[in-house]
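Architecture and fold: a report
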Amino acid sequence: MTTNADSAKPARRRAPAGAAVLREDVTDAIRAAVFEELAAVGYARMSIEGIARRAGVGKTAVYRRWRSKLHLVLDLVSAIAVQGLPAPDTGSLEGDLRLLYEVTSRALKHPVAGQIIPDLQAEAARNPDIAEAMQKALREGQHGVANGIVRSAAARGEVRADLDEDLALDLISGPLYWRAVVVRTPLPKAYLGKLASATAAGLRAL
């Protein structure tokens, strides 16, 4: 028998049939496994099976989130661009550059980054989708920080207000990336300070 009290109770809502709730901790584990797998075997040999094994999940958990290893890698590379780097605010152009170089060099010296970036660059020469994602990650990832450094320097009168931002980005990011990722030789102890000083002088001359 149904009472008035029973009829007044709100009906319990059920999740739609077939709806999958994607656990965030599983997604994070898969993302971490992708970086490890890329560093270990490279993009060409990377597989969904290997990623799932490293993450401690089944292949289905990966495919629920990404259709293929290409979409998975593109998603992660694009996320790097969105995260970017912390904007330095030391009060001087040279100080901001030095701090940026210190943070960037630590990130590039990480063995995972040192192996993944060159591998994906090689893959980008054959795959336009990866090429576009890499360009976004490598360029836009530092674009906002470099522009912030230049605009702060312009506000302090250290550089011209109409400085070419694209040229400034190339000047700021190019030398360290060349040395750390392309040439891949150890940085001398005073290198970052000298690089910051030289870059600051170059920006003032533009």
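Scope of this entry: the structure provided in the associated data block.

So, how was this worked out
- Residues numbered from 1 in each chain as written.
- Predicted model: local features only at pLDDT ≥ 70, side-chain atom pairs only at ≥ 80, totals over all residues.
- Heavy atoms only, no water.
- Helix = DSSP H or I, 4+ residues; strand = E, 2+ residues; numbered from the N terminus.
- Buried < 20%, exposed > 50% of the residue type's maximum accessible area, 1.4 Å probe, protein only.
- Contact = heavy atoms within 4.5 Å.
- Areas by Shrake-Rupley, 256 points an atom, 1.4 Å probe, with all protein chains shown as cover.
- Phe/Tyr/Trp six-rings, centres within 6.5 Å; stacked < 30°, edge-to-face > 60°.
- Lys NZ or Arg CZ within 6 Å of the ring centre and 35° of its normal.
- Salt bridge = Lys/Arg side-chain N within 4 Å of Asp/Glu carboxyl O.
- Patch = residues over 30% accessible without salt bridge, like charges linked within 9 Å, V, L, I, M, F, W, Y side chains within 5 Å.
- Core = buried A, V, L, I, M, F, W, Y, C linked by side-chain atoms within 4.5 Å.
- Polar contact = N/O pair within 3.5 Å; in protein donor to acceptor, adjacent residues only side chain to side chain.
- Axes fitted to C-alpha atoms, helices over the stretch in contact; angles between N-to-C directions.
- Parallel < 35°, antiparallel > 145°, perpendicular 65-115°, else oblique.
- Left-handed = near helix turned anticlockwise from the far one by under 90°.
- Nonpolar A, V, L, I, M, F, W, Y, C, P; charged D, E, K, R; others polar.

Moving on, we get to the overall build of the protein chain. The secondary structure content of the protein chain amounts to 10 helices and 0 strands. Each helix and strand of the protein chain, placed in order from N terminus to C terminus, yields the pattern α-α-α-α-α-α-α-α-α-α. Put simply, the protein chain has 206 residues, and 35% of those count as buried. A separation of at least 24 residues holds for 67% of the contacts in the protein chain among residues at least 6 apart in sequence. Accessible surface, the protein chain as shown: approximately 12,400 Å² in total, 54% of it carbon and sulfur.

Within this structure, the stated rule accounts for 0 aromatic pairs. The ring of Tyr43 has Lys69 lying over it, and the distance from NZ or CZ to the ring centre is 4.5 Å. Sitting over the ring of Tyr191, Arg179 keeps its end group 4.9 Å from the ring centre.

As a further point, take the pattern of salt bridges. As enumerated under the stated definition, the model contains 11 salt bridges in all. With a closest N to O distance of 2.3 Å, Arg54 and Glu37 form a salt bridge. With Arg54 in helix H3 (residues 48-55) and Glu37 in helix H2 (residues 24-45), this residue pair connects regions lying 17 residues apart in the sequence. For Glu49, the salt bridge identified is with Lys59, shortest N-O distance 3.6 Å. Of the two residues, Glu49 sits in helix H3 while Lys59 sits in helix H4 (residues 59-63), which places them 10 residues apart along the sequence. We classify Lys59 as partly exposed; its relative accessible area is 42%. Taken together, the salt bridges that share partners define one network made up of Glu36, Glu37 and Arg54.

Another point: a nonpolar patch on the surface. There is a patch of nonpolar side chains on the surface, built from Trp178, Val182 and Val183 and spanning about 290 Å² of accessible area. Structurally, Val182 is set in helix H9 (residues 165-183).

Before going further, it helps to spend a moment on unusual backbone geometry. Trans is the common state for peptide bonds, and a negative phi is the common state for residues other than glycine. Its identity is not glycine, yet Arg184 carries a phi of approximately 60°, on the positive side. One can find Arg184 in the loop between H9 and helix H10 (191-205). Overall, Arg184 belongs to the partly exposed group, its relative accessible area being 48%.

With that settled, the discussion passes to the nonpolar core. As a rule of thumb, nonpolar side chains are buried together in soluble globular proteins. Ile30, Val34 and Leu72 are the most contacted members of the largest nonpolar core, which has 30 residues in total. Of all the secondary structure elements, the ones that give two or more residues to this core are H2, H3, H4, helix H5 (69-83), helix H7 (111-124) and helix H8 (128-155). Sort the elements by how many residues they give to this core and H2 lands first, with 7 residues. For Leu72, the contacting residues outside a window of four places in its chain are Ile30, Val34, Ile48, Ile51, Val62 and Trp66.

Moving on, we get to the side chain of Thr104. Among the structural elements, Thr104 can be located in helix H6 (residues 93-109). What makes Thr104 buried here is its relative accessible area of 8%. A distance of 2.8 Å separates a polar side-chain atom of Thr104 from the backbone oxygen of Leu100.

To continue, consider the packing of H6 against H9. A packed helix pair is summarised by two numbers, namely the angle formed by the two axes and the spacing between the axes. Taken N-terminus to C-terminus, the directions of H6 and H9 make an angle of 30°; their axes are 11 Å apart at the nearest point. Considering the angle they form, H6 stands roughly parallel to H9. For H6 against H9, the interelement crossing comes out right-handed. Across the interface between the two elements, Leu97, Leu100, Tyr101, Thr104, Ser105 and Leu108 of H6 pack against Leu171, Ile172, Leu176, Ala180 and Val181 of H9. Class assignment of the residues belonging to the contact of H6 with H9 gives a composition of 9 nonpolar, 2 polar and no charged.

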